[in-house]
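# An overview of the molecular structure
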Amino acid sequence: MHGRTGGTYTLTVDYRGRTCMAVTTVPEPIPLRELRAEPVCDSLFTLQALFDDPPAKNAYFAECRTTDPGAYSPALMGVVDDSVLDNGGSVTLTVNRPLQYLKIKDYKQYFRPGETVDVRFSHISSPTFDFWSRLENEMLNAMNPVFPAYENLPSNIEGDARGIWSGYGSSYYRITMPQENDSKETTVFPPA
């Protein structure tokens, strides 16, 4: 389903005599000013996303990316709360490769030369931030004996269900990492 900016959408599910409902609004997208590939070493790159943090309160952001065709996956540490940003200023965020939780031992956060990366940068609501932030925390700490993970995720669904029904104000970008022998930065100015 593709919503429109500012549109409010209601989800109602009736199943076996039970009704669940959730409401969301699609926020205004916050575009990136710049998406930049920066060399980390001779053969690997990191992504830097630059944007202007609007002065309004409750602005939350998530970065999602994929290097393979198909669905976007949440970037590792890609959910950011506006309260940790310089409200109303220019912000630079590192965009990490998505973490595939079933392949955690093989995880590499940097990008290879010539690799093409699609980035979805989304403005999200406070309940959506709470859900994705807690999910990431639970996944990262699931096998940590010091910080056990056993909480229910927050939900904006009323009724006997858990989950998130959310609108995303998204902007989309594509960037190809420089070749190995080309150590200079590659910049994509949105939209790509």
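My aim in this report is to walk through the structure given alongside it, one point at a time. (Residues numbered from 1 in each chain as written. Predicted model: local features only at pLDDT ≥ 70, side-chain atom pairs only at ≥ 80, totals over all residues. Heavy atoms only, no water.)

## Regarding the overall build of the chain
Along the chain, the regular secondary structure elements total one helix and ten strands. The order of helices and strands in the chain, counted from the N terminus, is β-β-β-β-β-β-β-β-α-β-β. Expressed as a percentage of its 192 residues, the buried residues of the chain come to 39%. Residue pairs at least 24 apart in sequence account for 63% of intrachain contacts in the chain once pairs closer than 6 positions are excluded. Only carbon and sulfur atoms are counted for the fraction: they give 52% of the accessible area of the chain, which is about 11,400 Å². (Helix = DSSP H or I, 4+ residues; strand = E, 2+ residues; numbered from the N terminus. Buried < 20%, exposed > 50% of the residue type's maximum accessible area, 1.4 Å probe, protein only. Contact = heavy atoms within 4.5 Å. Areas by Shrake-Rupley, 256 points an atom, 1.4 Å probe, with all protein chains shown as cover.)

## Overview of the side chain of Glu-34
Within the secondary structure layout, Glu-34 lies in strand β3 (residues 32-41). The class for Glu-34 is buried, based on a relative accessible area of 14%.

## Thoughts on the side chain of Ser-171
As for its placement among the helices and strands, Ser-171 is situated in strand β9 (residues 169-176). Classification of Ser-171 as buried rests on a relative accessible area of 13%. Setting aside chain neighbours within four positions, we find Ser-171 in contact with Pro-29, Ile-30, Pro-31, Val-119, Arg-120 and Phe-121.

## A few points about the pairing of β3
The two faces of the sheet receive side chains in turn, since in a regular strand these alternate between them. Both β3 and strand β4 (residues 44-52) contribute to a ladder of eight bridges, which runs antiparallel. Note that in β4 the partner of Cys-41 across the bridge is Leu-44. The antiparallel hairpin formed by β3 and β4 contains two residues in its connecting segment. (Pairing = 2+ DSSP bridges.)

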